[in-house]
Each structure stands twice: as structure tokens, then as C-alpha cells.
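Residues per chain are reported as follows:
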Amino acid sequence: MAAKKKNFLVDHWDYLVALGGIAVLAGVVMFSFGKIAESVEDGRQECEMEIRARKPAHEGVERANMSHLIHVFKTARNPPTLKDVDPKKANFLASERRVICMVDPSEKGIKPCGNPIPQGAETCPFCGAKQPTFVKIDMDTDHDGLPNDWEKKFGLNPKDPTDAAKDKDGDGFTNMEEFQANTDPTNAYSHPDYLDSLSVASEVTETRLPFFFESASPVPNPTNRAETTYRLTFRNPSKKGMYGQMGEVYRVLIGEEIGKKDDRDPKKSVMTGFVATAYEKKSEEIPIKGAGTGVKGSGKTLMKKVDASVVHLKRILDGKPVTVRINQKNVAVDLHVDLFFSRGGGKKFTVTPGDEIALYNRKYKIVEFGGAPNAPTVVVEDLLSKKRKEFRKP
């Protein structure tokens, strides 16, 4: 028996029918989604057209003022700090300055209520009592001891605590010292007294001539033989003479420097720094010791004539004149004392009467010495103000 030929459509018709149904269903679903999307887009467009077509119910409405809101935003981005706060005004960082209610002394019989009231109030807002008048409180923001108003007046920084120790005008005094002395820190000629920083720092010492005047002899003047001059002899007792005699001898003409000059070897020269400018021949009578009187009962003392000649000298360094009597030893040329100026790291001055010293931009003159050598007093004069001050060694 021959085999029956198979037919695909007949054998699988059910699958084919199912597949067709699924395809139809998928098409219906896709069509439905397309319609829905189209419907939503159409609705959105219609809504926008309707909104644009509408007119506001109220005409002429002004735009809202956003300045306050903008200020708030700016403040939030850069909030104020405590150093920028005005202490005289109340704010969210510091409250208004207040004081306790008091009563002016002129208001007798009234008791203060003691409540906190605004600073500067003339009367208490609680009890009505008249408030006393106080001296203005000076503000000092940087706490350097200098009030704000004073710093601003002289160009200083009220927020810089280091400027109290600075010297704005370079006169040697800090701004704090100028404030305490009520002087101008921007004017170098306005400052506390420099003499307040000066003191005597040593005992009085003397500068003495290293020689004494021994004799004078007339000789022809080398420049004019018709005239006569004098050869003066001085002796330095601190040095031995050429032949072992006591004291080295200096022989000079008037106008020459006193000393021993060695032209062959200048290093061996011994010069004193003094010039003999003139010679005066003098004599005087003095009593004869132990001689009694010349005539009994006359009451007169026997006298003798002695040489009292003098030589006038001049110090080459400063022109200081010195007069020396014949055979007068240990002649004091001048007195010295040390002064100490304590400002600017300190400075010592060795001075004699008549000297001038400079303290920064001011000059002073040493007028005189006084007192005992170990406890001297020194008088100093301000050459600008003519004010004098006496200093005593402690």
C-alpha cells in the first residue's frame, strides 16, 4: 500500500491560524499606542494655544520690588563680622550699649531705679530721674592703649595694635609715649622732653697739663731780628730727661707747639697739643716765712720779690685758652663728666662746661658743673627753649 503524501498546510493549519491572530493583535496594539500619543500631543498643543490666548484678569499690576530680597541674599553671601560692627549701634551680633540708671548729684532725695538704660540718656526712661553727665568714654578697638579718636586724628590705624610701639615721626618716642605726654606723634619737634632721658653717669675727672712752665729767656725774633721774643722752657715731670735729669725739657719759641720734635724720626716726636701764645713777665712780693718784722714795733712783715710771670697757652684741638704761672704744676685744663642718654639704644657723652650735644633733632649746652667730684651736678640748657635743668649723680 502506497504511503500517503503529507500536506504542510493541512498538518499545521492550527499553528498558522494562531500565528496570524498574534500578528493581527500586535498591529492593533501598535495602532492604539500611536493614536494615544497623537492624542496627548494634540492636547498639549491645544492647551498651550489656549493659555497664550488668555488675557490677565487684572491690568496694570506693578512688578514686585525685589531689592530687599536681593539685599538679604548679598548679606547671606557676605555676612558681617564682629570687627565691622559699629559698637554704638544695636545689631544681631552686639546689643545696644547700656548703663545702670543713676541720679545726678543735683537731684536730691531721688533714688535711682537701677534699670539698664541707653548710654547717653539724659533722663531714665523708667523712673524719669536726671542722669549724671560723665566724661566721654574713649573707644579703643585694638586695645593698644590709644583711643580710636586719637589714632584717627593723627593718621594711625585704630584696628592695628602694633602702632602704639611705633615712632611715626622718628623723634625717638613711641606713639604711646607721645599720647601720654599729649604731644604730636606726626611732628618731630613736638615730643616729650629729651632731658628726662638724660642722667649723670660718672664722677668728675680732670684733664691736667702734662708739663709746667719753668723759665723764659729773651732771644732775637727769627722772623725779625730787630725784635725780641722769648724762648720758653717747659718740663714734663712724668718723663725722664735726655741725661737722666728729672723731667723731659721742652724749649719752644712763642707761637710754637710745646713738645719735642724730631725731624729725622717723626715717630720719636713728643707733641702736647698746646701752643704758647704769649708771655707776661711779672713779679710780686710775698712775706718771708719766719723773718718777723723789719723794724721792731712797726708791725710790718718782711717781704721779698718773687717771679710771678705767666704764659698764655691755647689748645690746638678746640682753641681752649689756658693760663699757666711759672712753676705751677698739675694745672687743670678742664673737667670731664659722662652723661648717658637712655633712648635709641643708649648713648654716652663725655662733656666739659661749654660743650654742646645733640639729642636727635635738638641741641643742648653744658652750662656748668657743681657739687663734689664724686657726686657732681651738671646744668644743661636747651638751646631752643632756653630751659635749664640740673642733673645730679645718684
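Rules used in this analysis
- Residues numbered from 1 in each chain as written.
- Predicted model: local features only at pLDDT ≥ 70, side-chain atom pairs only at ≥ 80, totals over all residues.
- Heavy atoms only, no water.
- Buried < 20%, exposed > 50% of the residue type's maximum accessible area, 1.4 Å probe, protein only.
- Salt bridge = Lys/Arg side-chain N within 4 Å of Asp/Glu carboxyl O.
- Helix = DSSP H or I, 4+ residues; strand = E, 2+ residues; numbered from the N terminus.
- Core = buried A, V, L, I, M, F, W, Y, C linked by side-chain atoms within 4.5 Å.
- Contact = heavy atoms within 4.5 Å.
- Pairing = 2+ DSSP bridges.
- Axes fitted to C-alpha atoms, helices over the stretch in contact; angles between N-to-C directions.
- Phe/Tyr/Trp six-rings, centres within 6.5 Å; stacked < 30°, edge-to-face > 60°.

(A) Quick look at unusual backbone geometry. Residues other than glycine seldom take positive phi values, yet Asn330 does so here, at roughly 55°. A relative accessible area of 55% means that Asn330 is categorised as exposed.

(B) Molecular detail of the pattern of salt bridges. All chains considered together, the criterion is met by 14 salt bridges. Across the pair Glu177 and Arg343 runs a salt bridge whose closest N-O atoms are separated by 2.6 Å. Of this pair, Glu177 sits in helix H5 (residues 175–180) while Arg343 is found in the loop between strand S14 (332–341) and strand S15 (347–351), placing the two residues 166 residues apart along the sequence. Using a relative accessible area of 25% as the deciding quantity, one classes Glu177 as partly exposed. A salt bridge links Lys387 to Asp193, with the shortest nitrogen-to-oxygen separation between them at 3.0 Å.

(C) Local environment of the nonpolar core. Leu339 and Ile357 are the most contacted members of the largest nonpolar core, which has 19 residues in total. Looking at this core, the elements with two or more residues in it are strand S3 (198–200), S14, S15, strand S16 (356–359), strand S17 (362–372) and strand S18 (375–382). When sequence neighbours within four positions are dropped, the list of residues in contact with Leu339 reads Leu198, Ser199, Val200, Ala201, Lys347, Lys348, Phe349, Val351, Ile357, Ile366 and Val378. Counting 18 residues, the second-largest nonpolar core is a separate cluster that includes Phe213, Phe274, Val322 and Val324.

(D) Structural context of the sheet that holds strand S19 (residues 388–392). The sheet built from four strands is open, its strands ordered S16-S17-S18-S19 with antiparallel pairing. Strand pairing shows two members of the sheet lacking a second neighbour, S16 and S19, which therefore form its edges. The sheet shows a mean angle of 35° between the axes of neighbouring strands, direction not considered. Note that S16 and S17 share four bridges and pair antiparallel. Each residue of the ladder has a partner; that of Glu356, found in S17, is Lys365.

(E) How the structure looks around the packing of aromatic side chains. A full pass over the atoms with the stated rule returns eleven aromatic pairs. Taken together, a centroid distance of 5.3 Å and an interplanar angle of 25° make the contact between Phe173 and Tyr194 stacked. Of this pair, Phe173 sits in the loop between helix H4 (148–153) and H5 while Tyr194 sits in the loop between H5 and S3; the two residues are 21 residues apart in sequence, bridging distant segments of the chain. Tyr194 shares its class with Phe173; the two are buried. Relative to Phe341, the ring of Tyr194 has its centre 6.0 Å away and its plane inclined at 75°; by these criteria the two rings are edge-to-face. On the criterion of sequence distance, the pair formed by Tyr194 in the loop between H5 and S3 and Phe341 in strand S14 is long-range, its members being 147 residues apart. For Tyr194, a relative accessible area of 0% corresponds to the buried category.

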